[in-house]
Amino acid sequence: MRKADYLIIGQGIAGTMLSWFLLQAGKKVIVIDDAKSNSASRVAAGIINPVSGRRFEPAWMYDTIYPFAKTTYLQLSALLQVPVFTERQLWTVFPSSQMRDAFLNKATGNEYTELPTTLKYEAFLDQPHGAAIVRGATVNLRALLPAYRRYLAEQNALLEEHFDSAALEITATGVTYKTISAGKVICCDGVATTSGPFFKNVKFLPNKGEVLLVRIPGLVTNDILKKGITLVPQEDGLYWAGSSFVWDYTDDGPTAKQREILEKSLQQLLKVPYEVVNQLSAVRPSGNDRRPIIGFHPEYPAIGIFNGLGTKGCSLAPFMAAHFKEVLVANTPLMQEVDLHRYF
Ligand SMILES: Cc1cc2nc3c(=O)[nH]c(=O)nc-3n(C[C@H](O)[C@H](O)[C@H](O)COP(=O)(O)OP(=O)(O)OC[C@H]3O[C@@H](n4cnc5c(N)ncnc54)[C@H](O)[C@@H]3O)c2cc1C
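Residues numbered from 1 in each chain as written. Predicted model: local features only at pLDDT ≥ 70, side-chain atom pairs only at ≥ 80, totals over all residues. Heavy atoms only, no water.

Per an unreviewed UniProt entry, the protein carries the name Glycine/D-amino acid oxidase-like deaminating enzyme and comes from Chitinophaga polysaccharea.

Here we take up the nonpolar core. Residues Y73, L144 and F306 are the most contacted members of the largest nonpolar core, which totals 70 residues. Domain assignment of the residues forming this core places at least three in each of domain 1 (2–43 + 143–204 + 288–343) and domain 2 (87–136 + 205–284). Setting aside its immediate chain neighbours within four residues, L144 contacts I13, M17, Y73, L76, L80, V84 and V139. In terms of nonpolar packing, the next biggest core, distinct from the first, is built from 24 residues, L7, I30, I32 and I305 among them. (Core = buried A, V, L, I, M, F, W, Y, C linked by side-chain atoms within 4.5 Å. Buried < 20%, exposed > 50% of the residue type's maximum accessible area, 1.4 Å probe, protein only. Domains from an automatic or database assignment. Contact = heavy atoms within 4.5 Å.)

For the rest of this paragraph, the subject is the packing of helix 1 (residues 13–24) against helix 5 (residues 141–154). For the pair helix 1 and helix 5, the least separation of the axes is 11 Å and the interaxial angle reads 45 degrees. By the angle between their directions, the pair helix 1 and helix 5 is classed as oblique. As for how helix 1 packs across helix 5, the hand of that crossing is left-handed. Together, I13, T16, M17, S19, W20 and L23 of helix 1 and L141, L144, L145, Y148, Y151 and L152 of helix 5 make up the contact between the two elements. Here the residues of the contact of helix 1 with helix 5 sort into 10 nonpolar, 2 polar and no charged. (Axes fitted to C-alpha atoms, helices over the stretch in contact; angles between N-to-C directions. Helix = DSSP H or I, 4+ residues; strand = E, 2+ residues; numbered from the N terminus. Parallel < 35°, antiparallel > 145°, perpendicular 65-115°, else oblique. Left-handed = near helix turned anticlockwise from the far one by under 90°. Nonpolar A, V, L, I, M, F, W, Y, C, P; charged D, E, K, R; others polar.)

One widely used convention gives an interface's size as the accessible area the parts lose upon coming together. Annotation of the protein at the domain level lists domain 1 (2–43 + 143–204 + 288–343) and domain 2 (87–136 + 205–284). The C-alpha-based centres of domain 1 and domain 2 are spaced at 32 Å. Counting residues at the interface gives 12 residues for domain 1 and 11 residues for domain 2. The largest contributions to the domain 1 side of the interface with domain 2 come from N38, V43 and V191, which together make up 49% of the buried area. Put simply, domain 1 and domain 2 have 1 salt bridge between them. Across the salt bridge formed by D252 and K36, the nearest N and O atoms sit 2.7 Å from each other. (Buried area = accessible area lost by both parts, 1.4 Å probe. Salt bridge = Lys/Arg side-chain N within 4 Å of Asp/Glu carboxyl O.)

A word on a nonpolar patch on the surface. A surface patch of nonpolar side chains, about 320 Å² in accessible area, is lined by L205, F245 and W247. As for its placement among the helices and strands, F245 is situated in the loop between strand 16 (239–242) and helix 6 (256–269). (Patch = residues over 30% accessible without salt bridge, like charges linked within 9 Å, V, L, I, M, F, W, Y side chains within 5 Å. Areas by Shrake-Rupley, 256 points an atom, 1.4 Å probe, with all protein chains shown as cover.)

Let us now look at the pairing of strand 6 (residues 85–93). Strand direction decides the pairing type here: strand 6 and strand 8 (residues 131–139), joined by 9 bridges, are antiparallel. When the sheet's bridge partners are listed, E87 is paired in strand 8 with A137. (Pairing = 2+ DSSP bridges.)

Here you go:
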């Protein structure tokens, strides 16, 4: 039998961060991942946005989670020798004069936002009401996830296969899975948890997002451009253009309907032609209260969960994974707002 302290199911941003902090704490970890090509982390743009909504409300716990996330991503970038983290301005086009006036009268906005001194992108964007600048960042998940996967393989901590919950057995000391014996198993399998056998009590509210990858001849920027739809520059010169929110969906694949909606939003933002190169889609793993879901099953204490990262996986995952690690190795109390037991 191969032995581990923790068996982690999934290597999206949740499983990546949790396994990283547990390995740092000297724990023996095995991560099982089936490399689903349209997992949320593989499709996401990796935006870290300090504000949300029309009022530019600061995101939950942002002052705590952002510096922690930045430090963590920079450490991983140095270790893995890949570019992981980029601070960026989000050029946020006002949809109406009322929005601009509210911003000018300081009814909206905060320390993460400012008004630009000159209007940029005039040749490219339709922005009759001007724009605000929001200071955010992006996480390059398409570089981080495969590089960290290679790191796990080098540590002999990766199993590249589909986890079959029917093969999991609960024992007196933890769990066994095929040839692995572990103290605990922790589900970081994103939306797959919602159809698994252990967390039926949790009120998940998964929602599907669709994205276009587009070429915009002549547009060269490091900024994120935003107005209804969000354009995020990619390393290959394309732009990630997304994303939709759909709660009522039949499968997780791309649809003609969402392509039409995304293209309409693109046409409202861009004054110039563009070319659609690809369309992607994935389902965001969210709980009904939009807070992370962390902890162990009250009836099966060897079975845990780290999920519910919703639309904010990149900003939340580092801090929440480190917090969960502290709960596990130092027995510190779990924050009530993220405790799985709120569902039981
Ligand atoms: C279109 C879209 C855009 C987004 N944009 C952003 C953004 O800009 N910024 C941001 O912070 N967040 C964004 N998000 C949200 C973000 O993607 C999620 O919060 C985050 O990726 C969730 O990570 P996770 O690790 O919990 O789940 P996932 O990323 O879904 O990872 C689950 C992993 O488990 C594996 N897995 C599942 N079942 C099994 C099994 N049985 N056996 C083995 N492996 C298994 C999968 O292959 C996958 O690797 C976006 C999401 C979508 C869909």
